[in-house]
Amino acid sequence: MPAPSQHWTTDLRAPAAALPVGSIDCHFHIFGSPQEYRLRTGRGYTPVEASFESYVAALRAQHEALGISGGLIAHPGDAYGSDNTVTRKALEILGPTYRATALIDFNWPVNVLVELAAQGFIGARVNVGSASMHGAADLVGLAPRFREVGWHFSLMLDMASMHSEYEYLSNLGVPVVVEHYGFPDPAEGTEAEGFQALLRLVGEGKATVKLSSQFRFSREADPYRDTWKFTRALCRANPDGVVWGSDWPFIAFGGMMPDAARLLDGLREAIGDEAVFRRVMVENPARLLG
């Protein structure tokens, strides 16, 4: 049985400077107790055992403290697979300023995607490096269905895949969102060929990157300064191609639990330009969420 994740902090605070009105959190998860929502056999982690209502209340408290007015739920596929019930329920409860990305079966027909779209789903998460995929080429067959429903691909992939799959990703004809910076290596820096491929995608307007989960690939403690070079490079490449996500409730992270307010303080300092910070927090996610 996977070990339980550490518990998120309940000591909530606002960022050092208030966020722009309309700020959006573009990556977080909602769970429920295993009695409410069955967990997937073979999952890599077990979330903190709490009721669905407790997760929603904690998320609302977090967003209220931060000054967040909407968000994009990333369905936790490792926990629930393509059963999107818990995320669909969260959309119903959280209201019209929230959207979600689903986990889908590649064989689902377009009418299933249409139904999910009507419920507030705007894309699907895909792990390009998973054993069930052969690479980004597998997305080509899905692309027409995604274009029909106006969805995007939200991709989990590493820097090696970013480099090798660049041609496929740049020619899908469907919006591409890369989660968690693409997990670059701070030791390799911004000149690594994988990160350079990501910069090309963003600079060409063919991908949006979530500035999220830097605590997972940083080699330093909070405020994770060794990741700021990636933030700055992406914002320079295209300030319209980046959004922020908290990755709350920081599932399966073995280090010190992050503080979302401090993550935002660090992001603001790393960007160093209030106009660009507003685009990252308000304007870019507003376009992404539609």
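Further up the page is the structure itself.
This one's a predicted model, so the numbers in the text were calculated from it and none came from an experiment.

Draft legend 1. How the structure looks around the overall build of the protein chain. Scanning the protein chain for helices and strands turns up 12 helices and eight strands. In summary, the protein chain has a C-alpha radius of gyration of 18 Å against a globular reference of 19 Å for 290 residues, a match within 12%. Principal axes of the C-alpha set define a box for the protein chain whose edges measure 45 × 45 × 35 Å. Per-residue burial over the protein chain gives 56% buried out of 290 residues. Sequence-distant contacts in the protein chain: of pairs separated by 6 or more residues, those separated by 24 or more amount to 76%. For the protein chain, the accessible surface area stands at approximately 12,000 Å², while carbon and sulfur atoms represent 51% of it. Across the protein chain, the mean location of the 25 positive side-chain charges is 2 Å away from that of the 33 negative side-chain charges.

Draft legend 2. Highlighting the sheet that holds strand 2 (residues 70–74). Ordered in space as 1-2-3-4-5-6-7-8, the eight strands form an open sheet in which the pairing is parallel. In this open sheet, the two edge strands, each paired with only one partner strand, are strand 1 (24–28) and strand 8 (242–244). Adjacent strand axes in the sheet meet at a mean angle of 25 degrees when their direction is disregarded.

Draft legend 3. Examining the pattern of salt bridges more closely. With the rule as written, the count across this model stands at 13 salt bridges. Residue R13 is joined to D265 by a salt bridge in which the shortest nitrogen-to-oxygen separation is 3.4 Å. Taken together, the residues span a long stretch of sequence, with R13 in the segment before strand 1 and D265 in helix 11 (residues 260–271) at a distance of 252 residues. According to the relative accessible area criterion, D265 is partly exposed, its value standing at 21%. R40 is the partner of D78 in a salt bridge, and the nearest nitrogen-oxygen pair spans 2.9 Å.

Draft legend 4. Broad picture of the side chain of S23. If you trace the backbone, S23 turns up in the segment before strand 1. In this structure S23 comes out as buried when scored by relative accessible area, which is 0%. A distance of 2.7 Å separates a polar atom in the side chain of S23 from the backbone oxygen of P20. Sequence-distant contacts of S23, that is, excluding residues within four places in its chain, are made with G67, I68, S69, G70, M281 and V282.

Draft legend 5. Representation of the packing of aromatic side chains. Applying the stated criterion to the full structure yields 17 aromatic pairs. Taken together, a centroid distance of 4.3 Å and an interplanar angle of 20 degrees make the contact between F146 and F153 stacked. Each member of the pair, F146 as well as F153, carries the same accessibility label: buried. Linked through ring pairs, W8, F31, Y45, Y55, Y80 and W248 together constitute an aromatic cluster. Cation over ring: R200 sits above Y166, and NZ or CZ is 4.6 Å from the ring centre.

Draft legend 6. The pairing of strand 2, seen in detail. Burial within strand 2 is extensive, with five of its five residues counted as buried. The side-chain alternation of strand 2 yields two buried faces, one formed by G70, L72 and A74 and the other by G71 and I73. Two elements, strand 1 and strand 2, share three bridges in a ladder whose sense is parallel. Paired with F28 across the two strands is I73, which belongs to strand 2. The parallel pair strand 1 and strand 2 is bridged by helix 1 (residues 52–66), and the resulting crossover is right-handed. Looking at chain direction, strand 2 and strand 3 (residues 98–102) are connected through four bridges and run parallel. What sits directly across from L72, in strand 3, is R99.

Draft legend 7. Layout of helix 11. Between its first and last C-alpha atoms helix 11 spans 16 Å; for 12 residues at 1.5 Å apiece the expected length is 16 Å, and the two agree. Counting buried positions along helix 11 gives nine out of 12 residues, so the element sits mostly inside the fold. Each element contacted by the buried residues of helix 11 is listed here: helix 1, strand 7 (208–211), helix 9 (214–217), helix 10 (228–237), strand 8 and helix 12 (274–289). Among the residues of helix 11, the N-terminal cap falls to D259, whose side-chain oxygen and the backbone nitrogen of A261 are separated by 2.9 Å. Looking at the residues trailing helix 11, positive phi occurs at G272, about 70 degrees.

Draft legend 8. Structural context of the environment of P15. Note on placement: P15 falls in the segment before strand 1. Along the primary structure P15 and P34 are separated by 19 residues, whereas in three dimensions their C-alpha atoms are 33 Å apart. Beyond its immediate stretch of four places on either side in the chain, P15 contacts A65, L66, A261, L264 and D265.

About the cut-offs
Per chain, residue numbering runs from 1 following the sequence as it is written. The predicted nature of this model means local features are confined to residues of pLDDT at least 70 and side-chain atom pairs, given and counted, to a pLDDT of 80 or more, with totals for whole chains, interfaces and linings taken over all residues. With hydrogens and water excluded, all non-hydrogen atoms of the structure serve as input to the side-chain values. Numbering of helices and strands runs from the N terminus; a helix is a DSSP stretch of H or I covering at least four residues, while a strand is a stretch of E covering at least two. Throughout, radius of gyration means the C-alpha value; the globule benchmark is 2.2 Å times the number of residues raised to the power 0.38. Whether a residue is buried, partly exposed or exposed follows from its accessible area with a 1.4 Å probe, protein chains only, as a fraction of its type maximum: under 20%, in between, or over 50%, in that order. Residues count as neighbours in contact if any of their non-hydrogen atoms are within 4.5 Å of one another. Using a 1.4 Å probe, accessible areas were evaluated by the Shrake-Rupley method; residue-level cover was limited to the displayed protein chains. The sign given to each residue is positive for Lys and Arg and negative for Asp and Glu; His and the chain ends receive no count. Every charge is mapped to an atom, namely NZ of Lys, CZ of Arg, CG of Asp or CD of Glu. Two strands pair under a simple rule: DSSP has to find at least two bridges between them. Fitting a line to C-alpha atoms yields each axis, with helices limited to the stretch in contact; the angle taken between N-to-C directions then spans 0 to 180 degrees. What makes a salt bridge here is a side-chain nitrogen of Lys or Arg within 4 Å of a carboxyl oxygen of Asp or Glu, nothing more. Polar contacts, as counted here, are pairs of nitrogen or oxygen atoms within 3.5 Å of one another; within protein the pair requires one atom able to donate a hydrogen and one able to accept it, and residues that are adjacent in sequence qualify only if both atoms are side-chain atoms. To pair, rings of Phe, Tyr and Trp, with the six-membered ring standing in for Trp, must have centres within 6.5 Å; the planes then decide the type, stacked if under 30 degrees apart, edge-to-face if over 60, and tilted in the middle. Placement of a positive charge over a ring is assigned whenever Lys NZ or Arg CZ falls within 6 Å of the ring centre and within 35 degrees of the normal to the ring plane. Consider the strands pointing away from the viewer: the crossover is right-handed when the path from the first strand over the helix to the second runs clockwise. Expected helix span is given by 1.5 Å per residue-to-residue step, counting one fewer step than there are residues.

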